[in-house]
Amino acid sequence: MKYLDIIALILLIVGGINWLLVGLFEYDLVAAISGGSTTILAKIIYIVVGICALYCLKFIPGIANRAD
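Predicted model, so just to flag it, every value in this text is computed and none were measured.

1. Description of the UniProt feature "transmembrane region" (unreviewed entry) in the chain
The residues that UniProt annotates with the feature "transmembrane region" (unreviewed entry) are residues 7–25 and 31–57. Across residues 7–25 one finds 100% helix and 0% strand; the C-alpha atoms that close the span lie 27 Å apart. Along residues 31–57, the helical share is 74% and the strand share 0%, with 26 Å between the first and last C-alpha atoms.

2. Examining the side chain of Ser-34
Positionally, Ser-34 belongs in helix α2 (residues 29–34). The contact partners of Ser-34, leaving out residues within four places of it in the chain, are Thr-39, Leu-41 and Ala-42.

3. Quick word on the side chain of Asn-18
Along the polypeptide, Asn-18 turns up in helix α1 (residues 2–25). Residues in contact with Asn-18, not counting those within four places in the same chain, are Tyr-27, Asp-28, Leu-29, Val-30 and Tyr-46.

4. Observations regarding a nonpolar patch on the surface
A grouping of Leu-20, Leu-24, Phe-25, Tyr-27, Leu-29 and Ile-33 is seen on the molecular surface, where their side chains present a nonpolar patch of about 650 Å² in accessible area. Of all elements in the fold, only α1 and α2 reach the threshold of two or more residues within the nonpolar patch. Among the elements that line the nonpolar patch, the one with the most residues is α1, at three residues. With respect to the helices and strands, Leu-24 occurs in helix α1. A relative accessible area of 55% means that Leu-24 is categorised as exposed.

Definitions and limits used
Residues numbered from 1 in each chain as written. Predicted model: local features only at pLDDT ≥ 70, side-chain atom pairs only at ≥ 80, totals over all residues. Heavy atoms only, no water. UniProt positions renumbered as here; feature names shortened; annotations may be inferred. Helix = DSSP H or I, 4+ residues; strand = E, 2+ residues; numbered from the N terminus. Contact = heavy atoms within 4.5 Å. Patch = residues over 30% accessible without salt bridge, like charges linked within 9 Å, V, L, I, M, F, W, Y side chains within 5 Å. Areas by Shrake-Rupley, 256 points an atom, 1.4 Å probe, with all protein chains shown as cover. Salt bridge = Lys/Arg side-chain N within 4 Å of Asp/Glu carboxyl O. Buried < 20%, exposed > 50% of the residue type's maximum accessible area, 1.4 Å probe, protein only.

Below is the structure:
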């Protein structure tokens, strides 16, 4: 499970960096790598990153408990 957590966090960070690039420079790295934002590869990447974001929601209770 630890490895799945690490992979999910890495993909979530990569997705966040991609959105940073989109916001600052209007450059979609995923689309550039995969040949366009509507290609099946790009859609798969977007879906996997989104699933990782949902998966990482499980970390919120642990972080909230640490703050106490």
